[in-house]
Amino acid sequence: VFTGTFDPSILLAIFPEISIVVLGGLILILDLILADKYKESLGWVTAGGLSLILLASLAVARPELEPRLIWGGMVRQDWLGFIFKMVFLFGAAVTALFSTGYERLEKRGEFYLLMLASTVGMSFMASAADLIMLFLAIETTSIPLYVLAGFIIRDDKSTEAGFKYLLFGAMTSSVMLYGFSLLYGFAGTTNIYELATRIMSGDLPVVALSASLLLVLVGFGFKISAVPMHFWAPDVYEGAPTPVAGFLSTASKAAGFAVLVRVLLVAFPAITEQWGAIAAAISVATMTLGNLLALTQSNIKRMLAYSSIAHAGYALIGVVAVSTGVVSVTELGVTSVVFYLIAYVITNLAAFGVVAAFGRVTGSDEIAAYAGLSRRAPGLSLVMLVAFLSLAGMPPLGGFVAKVFVFAAAVDAGLVWLAVVGVLNSIVGLYYYMTVLKVVYLYRSEEEHVPVPLKGSYALALGILAVGILLVGTFFAPWFDWATTAAAAMF
Amino acid sequence: MQFPILSVIVFTPIVAGLLILLLPEERKTEVRMAALAAATFALLLSIWVYFAYDVAAGGYQFVEKYTWLPSLGISYHVGVDGMNTPLVLLTGVVMFTGVLISWGIDDRPREFFAFLFILATGVFGVFVALDLFMLFFFYEIAVFPMYLLISIWGWKVTREYAAMKLTLYLFIGSVVALVGALAMYFTSGMGTFDMLALEQAGFSPEFQRFWFPFVFLGFAVLGGIFPFHNWSPDGHVAAPTAVSMFHAGVLMKLGAFAALRVGVMLLPEGAKAHMWWIILLALVNVVYGAFIASVQTDFKYVIGFSSVSHMGLVMMGFATLSSNGLLGSGVQMFSHGIMTALFFAVVGIVYDQAHTREIPKLGGFSRVVPVATFAFIVGGLVSMGMPGFSGFIAEFPIFMGVWRTYPWIAIVAVISIVITASYIIRVVGKVFFGQLPDEFQGHTHDATPLDKVALLLLSAILIIVGVFPSVMVPLVQSGVDNVLRLMGGA
């Protein structure tokens, strides 16, 4: 594979991945030598290590504006991949902090190791330029997540979640793999970027291409929990340890979107119209179904699961806008998706963080149990208010601008109807988010004098997230320019 | 660089609100003092802006512009003209008096003032925004805190229902308008959200005619236009006093103002094409609102429906697209804002004494709360459009404008004045005069000095504008000229 001289700068391109693996090794060793009572600090080590990697990557490993294919065409070094890697690192660091205070996790060393392994997989997902690499990356991401979802082995719901996730995941990956093999059969290459030119030059039947695209979309749709591949999400989120559910709904979902955008945009320009229509249909179904089912939930994790399904639908609006083919519109589409995911990841992590903080003290995830929370823990309630309003799309929070940008992309692409479906959906969303806030702020309970103590790791993480939500929502220019750089790197 | 006075006005409430949140929960007096200090500061600045505005020069003044998101042409762009200067002052006054009236709130006053101030920042932001994106940004900020304020501190019986209804109505309206705004942005092809630039975009008449109803009605929902007024009386009644004041006094103007600024000013051709039915809707507001108000037995519902009726006059003035009509609407927005804030303040004071708002059960309150009675009568005279009060200065030009456009509508609309007079007189007679019912004997006391300050301030403004229209009319007229210039000098 390696022809010519070895360029050491390609090592720098995978600096984040290498560092995460090193950090994983460190955690493994510490897990062996530390006494049990110190093992809680492994979470701090993980979070600190990930933050360091994040900062170091920003300092030394930034890609050039001109993207390049490296490692024998396996990996593409560009801004899209880089920004998503930073998002995963951030998400993993926050999840590590949430897990630190989560007493129900035993065997902490393994927990963090698996989480790191999954993060490595996501990083490669974001930059993979070859179907084989892509498949490996997806599996590297998913397999540790199956274990993490079932990590509380004494809890039936958790093991059920892990098992369900495994079965669904295995099934969808195999369908996706079948799609990959068809693509290889048609084009004679596994490289995504070469695939496009082969498809364009050859005269492949549209039906065959569309069929393999559909198979591939089954796998991607599972990762982003788009309808009709969303069934797993509520059950898995409900059963999995809350920090893991947060991780699944944010970093893992963002990774799915990174892959989706890259593959659709790069490998399937020949059938843009078809996948545009498919994506539009999925987007509408995902938003609508997610929001409608969220309305009836009484368990907050299930509600957040449906809400995160709905949010995948909103982000898909931006993906649909990508399909118009006009460069400026496509760019705005990709930009809006990237921006949406940045805002969504920060917001949803905060939402799950609050649920984890509440659940570990009270042991309940029922929405009704949140009654009187604003009197029990004013600070926690405020973070919840910020997170939920951002999910609902209220300014000055991240969710508002993110939504405006995806709707703008849709209007720009001439898809006013899609933007209208989006805004109607966000009204439904507002309703159920407000219903929860009503319980928190309005309802009283007999336990309202019992405070909900907040661990240091939670206070730190939730504080960072709340400030982040506000920053994305008010000073959005740097984030937006970042997202634009990522979008420009696609062409 | 000049002092960024508008930005200071916009951000004073939210900064104060966040600082208040940092105070310990049990320091309730300090919380109130901090709120009062911030409100006073904002009021003084808005008074200064009002009097420092150079009417002779006209146009947008105190303009500040900073880039916000250059790649999409979003900027932080604020400025005031003759149309919104009075509204900034109105917000300052209502915020100040609202804090005074809410002094007695004892359940989590910290959160109450913080949410109220976030709301105030949203309102100020919309009034001074010259950038379309920024306008939406602050518009939504203004909408949401209402939900919490009503549902937490509101009237226990209907607050959950009313708060949810209100928020959903307003949110639906605003997102519909948002889609229209995005369509304007992309169709103009100028890559900017700057409203001063978009005014010159020259949208095709077909485009304007198609989008105008969405944008105008989207905002007019908050202005209480028929048949989307339904949220408003329920919301007024369920809200705590200060929030009712804000809600009816300021928020409804927000909708009317945004409908004018975005709907009429950016899509003038659309406005011309659609105005005939908007004036009919407004007519329904005016007459139907007055009739409904006159049959209510709940004191607060009377005022709630009178707001629907009076906001109809604002819309009607807009719909004439004439100099007189717009001038009247501009003054009416201010006058009605002050008047209705005053009404709700009085209703709140009476309710605190009587714990009922059923008009038949009340009576004789003039001896208990003389200042409030005086204030209510002043408000009532304004409401009837009596000369010498600000309501006359506002309503007379509106009827003149309507007469020139559709005389028969003016004839139908003036019926509302008679009905207004009838229900105001009935309420004054029943609630404030007559015999104080026995069950209230000995349980009632006068309004607090702070309440009186608030009431007298509001009454004084209504009388000053009525007696000396020159403090406001030339200013609003300069704003109206600005609108008419966009209509092609009609």
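Rules used in this analysis
Along each chain, residue indices are assigned from 1 in the same order as the chain's sequence is written. By the order in which they are written, chains take letters starting at A while ligands take numbers starting at 1. The predicted nature of this model means local features are confined to residues of pLDDT at least 70 and side-chain atom pairs, given and counted, to a pLDDT of 80 or more, with totals for whole chains, interfaces and linings taken over all residues. Side-chain numbers here rest on the full set of heavy atoms in the structure, without hydrogens or water. Helix and strand assignments follow DSSP, with helices taken as H or I runs no shorter than four residues and strands as E runs no shorter than two, numbered in order from the N terminus. In this setup the radius of gyration rests on C-alpha atoms only. A globule is expected at 2.2 Å times the number of residues raised to 0.38. A simple rule labels every residue: compare its accessible area, found with a 1.4 Å probe on the protein chains alone, to the largest value its type can have, and call it buried under 20%, exposed over 50%, or partly exposed in between. Here a residue-residue contact requires only that any non-hydrogen atoms of the pair lie within 4.5 Å. Surface accessibility follows the Shrake-Rupley procedure with a 1.4 Å probe radius. Residue values consider only the protein chains on display as shielding. We define a nonpolar core as any set of buried Ala, Val, Leu, Ile, Met, Phe, Trp, Tyr and Cys residues linked to one another through side-chain atoms lying within 4.5 Å. Ring pairs shown here join Phe, Tyr and Trp side chains whose ring centres sit within 6.5 Å, with only the six-membered ring taken for Trp; geometry is labelled stacked below 30 degrees between planes, edge-to-face above 60, and tilted in between. Lysine and arginine charges are scored as sitting over a ring when NZ or CZ, respectively, is within 6 Å of the ring centre and within 35 degrees of the ring normal. Accessible area, probed at 1.4 Å, shrinks when two parts are joined; the buried area is that loss added up over both. In the sections that follow, a salt bridge refers to a side-chain nitrogen of Lys or Arg positioned within 4 Å of a carboxyl oxygen of Asp or Glu. Axes, fitted as lines to C-alpha atoms, cover a helix only where it is in contact. Angles between the N-to-C directions of the axes lie from 0 to 180 degrees. For classification purposes, an angle smaller than 35 degrees is called roughly parallel, one larger than 145 roughly antiparallel, one from 65 to 115 roughly perpendicular, and anything else oblique. Note on residue categories: nonpolar means Ala, Val, Leu, Ile, Met, Phe, Trp, Tyr, Cys or Pro, charged means Asp, Glu, Lys or Arg, and polar means any other residue, Gly included.

I'm lost on the overall build of chain B in this one. Help?
The number of helices and strands found in chain B is 19 helices and two strands. Its C-alpha atoms give chain B a radius of gyration of 21 Å, near enough to 23 Å, the size a compact globule of 490 residues would have. Taken along the three principal axes of its C-alpha coordinates, chain B extends 70 × 55 × 40 Å. Per-residue burial over chain B gives 69% buried out of 490 residues. Contacts in chain B between residues at least 24 apart in sequence constitute 81% of all its contacts with a sequence separation of at least 6. Summing over all exposed atoms, chain B offers an accessible surface of approximately 15000 Å²; the carbon and sulfur share of this is 69%.

I tried to follow the nonpolar core on my own but got confused; where do I start?
In summary, soluble globular proteins display a tendency toward joint burial of nonpolar side chains. Counting residues in each nonpolar core, the largest one holds 412 residues, and the members touching the most others are A:Phe220, A:Phe388 and B:Phe216. Considering every element that reaches this core, the biggest residue donor is helix α14 (residues 327–362) of chain A, with 22 residues. In contact with B:Phe216, not counting residues within four places along its chain, are B:Ile225, B:Ala259, B:Val264, B:Met275, B:Ile278 and B:Met315.

Honestly, the packing of aromatic side chains in this entry has me stumped. Any pointers?
How two aromatic rings sit relative to each other is given by the distance of their centres and the angle of their planes. Residues and elements named next belong to chain B. For the structure on display, the rule yields 58 aromatic pairs over all chains. Ring geometry for phenylalanine 144 versus tyrosine 147: centroids 5.9 Å apart, planes at 35°, classification tilted. In this pair, phenylalanine 144 and tyrosine 147 are both assigned in helix α5 (residues 132–153), three residues apart and thus about one turn of the helix distant. The exposure class assigned to phenylalanine 144 is buried, which follows from its relative accessible area of 4%. Overall, tyrosine 147 belongs to the buried group, its relative accessible area being 0%. Over the aromatic face of tryptophan 155 sits the side chain of arginine 357, whose NZ or CZ is 4.3 Å from the ring centroid. Seen from the ring of tyrosine 351, arginine 357 lies directly overhead, with NZ or CZ sitting 5.1 Å from the centre.

Is there a simple way to explain unusual backbone geometry in this structure?
Note: most residues except glycine have negative phi, and most peptide bonds are trans. Along the chain, A:Val227 connects to A:Pro228 via a cis peptide bond; the corresponding omega equals 5°. Here A:Pro228 shows up in the loop between α9 (206–224) and α10 (232–239). Put simply, A:Pro395 and A:Pro396 share a cis peptide bond, and its omega is 0°. Within the element layout of this structure, A:Pro396 appears in the loop between α16 (378–392) and α17 (398–412). Even without being glycine, B:Leu321 reaches a positive phi, approximately 55°. Tracing the sequence through the fold places B:Leu321 in the loop between α12 (299–320) and α13 (323–354). For B:Leu321, a relative accessible area of 12% corresponds to the buried category. Positive phi, normally seen in glycine, also occurs at B:His355, with a value near 55°. Position of B:His355 relative to the elements: it lies in the loop between α13 and α14 (365–368). When its relative accessible area of 60% is taken as the criterion, B:His355 is described as exposed.

I keep staring at the interface of chain A and chain B and nothing clicks. Help me out?
The parts lose accessible area when they come together, and the size of an interface is often stated as this lost area. Counting residues at the interface gives 40 residues for chain A, matched by 37 residues for chain B. Together, A:Ile427, A:Met434 and A:Leu442 form the three largest contributors to the area buried by chain A at its contact with chain B, with a combined 16%. Here chain A is connected to chain B by two salt bridges. The salt bridge partner of A:Arg375 is B:Asp107, with a shortest N-O separation of 3.5 Å.

How should the packing of helix α13 (residues 300–322) of chain A against α14(A) be read in this particular structure?
All names here are of chain A. Two elements in contact, α13 and α14, have axes separated by 7 Å at closest approach and are oriented at 170°. Considered as vectors, α13 and α14 are oriented roughly antiparallel to each other. On α14, the residues that touch Ile300, Lys301, Leu304, Ser308, His311, Tyr314, Ala315, Gly318, Val319, Ala321 and Val322 of α13 are Val329, Thr330, Gly333, Val334, Ser336, Val337, Tyr340, Tyr344, Asn348, Ala351, Phe352 and Val355. Grouping the amino acids of the contact of α13 with α14 by side-chain chemistry returns 15 nonpolar, seven polar and one charged.

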